[in-house]
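# Observations on the three-dimensional arrangement
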Amino acid sequence: MTSTRQDGDTWDLASSVGATATMAAAVRAIATRADRSLIDDPFAEPLVRAVGVELLTRLATGELPPGELVGQVAIDGAKVRTKFYDEFFLDAANAGIAQVVILASGLDSRAYRLPWPAGTVVYEVDQPPVVEFKTRTLAELGAEPTADRRVAAVDLRDDWPAALRAAGFDPARPTAWSAEGLLGYLPPEAQDRLLDTITELSAPGSRVATESRPNPRPGEEEKTKESLARISERWREHSFVTDMAKLRYFGERNEAAPYLTGLGWALTGATTRELLAAHGLLPLADDGLRMGDLRYVSGVLDKTK
Ligand code: SAM
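Since this is a predicted model, take the numbers as computed values, not measurements. (Residues numbered from 1 in each chain as written. Predicted model: local features only at pLDDT ≥ 70, side-chain atom pairs only at ≥ 80, totals over all residues. Heavy atoms only, no water.)

## A look at the overall build of the chain
In terms of regular secondary structure, the chain is built from 12 helices and 7 strands. Here the C-alpha coordinates of the chain stretch approximately 50 × 50 × 40 Å along the principal axes. When each of the 305 residues of the chain is scored for burial, the buried share is 53%. Across the chain, the fraction of contacts at a sequence separation of at least 24, relative to all contacts at a separation of at least 6, is 77%. Here the chain has roughly 13100 Å² of accessible surface; of this, 52% comes from carbon and sulfur atoms. Seen as two clouds, the 35 positive and the 45 negative side-chain charges of the chain have centres 2 Å apart. (Helix = DSSP H or I, 4+ residues; strand = E, 2+ residues; numbered from the N terminus. Buried < 20%, exposed > 50% of the residue type's maximum accessible area, 1.4 Å probe, protein only. Contact = heavy atoms within 4.5 Å. Areas by Shrake-Rupley, 256 points an atom, 1.4 Å probe, with all protein chains shown as cover. Lys, Arg positive; Asp, Glu negative; His and termini not counted. Charge placed at Lys NZ, Arg CZ, Asp CG, Glu CD.)

This is how it looks when you write it as structure tokens:
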């Protein structure tokens, strides 16, 4: 049984919002096996296997074909999303930004797989059980970070800047920030606060990348909840019990892209639909989730504004 979200709720990688990180990694494992030209995440499969949710392990290892459980849309979506953030980070790092913060890092393995320039410090921020699990599991696998990896094990609704500073973060240095697959799991005010705080902690020249979801048209949220219920039902038939519609916060919120622009970030971006087309992948059918309209945005802070 998935309970409705509450202030201060917690999770590990097999439960509640934490399971979404394991699902994302399982899809990266499937996508990596299918075609390594856009995504090559060798740690996704062993991480999912270590979490130990049977269905996700069987999907990640290829024992169970994705079939109806993980549609081509999700697999192609993971390819373009991973590519977008990989390019964002490598562009920023190669332009001389040596401080990176991955918010809601989940089972993201960029600190272990991207060719970071020497001297790059990568901070990962997520709930304590999530961060600790990944650190321990990758150490047990013998994986070595490719940057100076540091962690802030903290809830992003709490005083995460204090935890980040305690780990060594220096707000006087330009930073490359990402919030990937996060915003919909934060209440609307917490999303605004997070984007405000990123901006306050950003020296001029800092960069940010995230997703901006358009606010729903009338009646659209019901369609989204029905789609999520159908997906959850399919997972449940395979004994993986999660109610996806209960994990996200619905209702009006500030759209991330215009909100960031208002804070002084000069953004560019592309929708999932545009990224799929740019990489020659199949176009999206309208699945009720408006995945195609999700916009990946990135940009630089102009503090003169
Ligand atoms: N960014 C990763 C990726 O793309 O694979 C993980 C995305 S997963 C869909 C959502 C992540 O957000 C989870 O790792 C979860 O623990 C994290 N998260 C959501 N709300 C959070 C909060 N309030 N504090 C810390 N982490 C949070």
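## Concerning the site of the ligand
Taken together, 22 residues lie near the ligand, and Arg28, Arg81, Ala104, Asp126 and Leu156 sit nearest. Contact distances for the ligand include 2.6 Å between an oxygen atom and a side-chain N or O atom of Arg81. Here an oxygen atom of the ligand sits 2.6 Å away from a polar atom, N or O, in the side chain of Asp126. For the ligand, whose accessible area on its own is 580 Å², the fraction buried by protein is 98%. Looking at the shell around the ligand element by element, the count peaks at 5 residues for helix 1 (residues 16-34). Tallied by class, residues from the shell around the ligand come to 11 nonpolar, 5 polar and 6 charged. (Near = heavy atom within 4 Å. Polar contact = N/O pair within 3.5 Å; in protein donor to acceptor, adjacent residues only side chain to side chain. Nonpolar A, V, L, I, M, F, W, Y, C, P; charged D, E, K, R; others polar.)

## Describing the pairing of strand 2 (residues 121-126)
Counting buried positions along strand 2 yields 6 of 6 residues, so the element is predominantly enclosed. Every second residue of strand 2 is oriented toward a common face, with Val121, Tyr123 and Val125 on one face and Val122, Glu124 and Asp126 on the other, all of them buried. Strand direction decides the pairing type here: strand 1 (residues 99-103) and strand 2, joined by 5 bridges, are parallel. Along strand 2, the bridge assignment pairs Val101 with Tyr123. (Pairing = 2+ DSSP bridges.)

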